[in-house]
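# Descriptive structure summary
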Amino acid sequence: MTSFNLRRLKLRPGEEHRESLEVDLEPFELGGQRYVPVPEQVPAELVVSRATTGTLFSLAFGTRLHGPCYRCLGDAVLDVEVAAREYQASSPEAEELTTPYLINDQLDVSAWARDAVALALPETILCRADCAGLCPECGKNLNEEPHEHAEEHGDPRWEALEALRDRL
Ligand SMILES: [Zn+2]
Ligand SMILES: [Zn+2]
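So, a few notes on the structure that sits alongside this text. (Residues numbered from 1 in each chain as written. Chains lettered and ligands numbered in written order. Predicted model: local features only at pLDDT ≥ 70, side-chain atom pairs only at ≥ 80, totals over all residues. Heavy atoms only, no water.)

Note that F4 resides in strand β1 (residues 3-5). Spatially, the C-alpha atoms of F4 and Q106 are 5.6 Å apart, while their sequence positions differ by 102 residues. (Helix = DSSP H or I, 4+ residues; strand = E, 2+ residues; numbered from the N terminus.)

Here we take up the pairing of strand β5 (residues 41-50). Across 9 bridges, the pairing between strand β2 (residues 16-24) and β5 is antiparallel. Within β5, the position partnered with V23 by the bridge is V42. Summarising the sheet, β5 and strand β6 (residues 54-68) pair through 7 bridges and their orientation is antiparallel. By the bridge assignment for β6, E45 is matched with A60. Counting the residues in the hairpin turn of β5 and β6 gives 3 residues. (Pairing = 2+ DSSP bridges.)

Enumeration over the complete set of coordinates arrives at 1 aromatic pair. With a centroid separation of 6.2 Å and 15° between ring planes, the pair formed by Y101 and W112 is classed as stacked. Here the residue Y101 occupies a position in the loop between β7 (75-89) and β8 (102-103), and W112 occupies one in helix α1 (residues 109-120), the gap between them amounting to 11 residues. Look at W112 and you get buried, because its relative accessible area is 2%. (Phe/Tyr/Trp six-rings, centres within 6.5 Å; stacked < 30°, edge-to-face > 60°. Buried < 20%, exposed > 50% of the residue type's maximum accessible area, 1.4 Å probe, protein only.)

Remember that the coordinates give geometry; whether it matters functionally is a separate question.
Structure below.
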């Protein structure tokens, strides 16, 4: 886990601190599937800016996730660029003026990075934008073996529709 100790910074209002650090990333769950960051450690840029009323944190990094394609379950690779911000008020009156990643002047960069990646993910991860997926009838991968099944073996619901259309 990567964390950052703020105590040694001693920033005054108006001052900022930039730091390049290596952040450990954990695997992600999305739609019941597991996606693994490769490599597990990424270089990130952390900026801590002190304002009169609080402290602003910015974190930027890129990562590459490997896991199954949502449609065909083949290998999918996704590049994710993250630019996240958190704010901690000096004397917070409301919960939204605090960041959950800051505990006892210790910033949990790994937890923040993990959540930031999760927010940056698309709804589905595909091996390629036009992935044809698996055949709903026989389960074969339609990217490797494009095919159609003859209509006579088609879905009985379609046959019912056809019959209906003939009558109209
Ligand atoms: Zn696919
Ligand atoms: Zn098929």
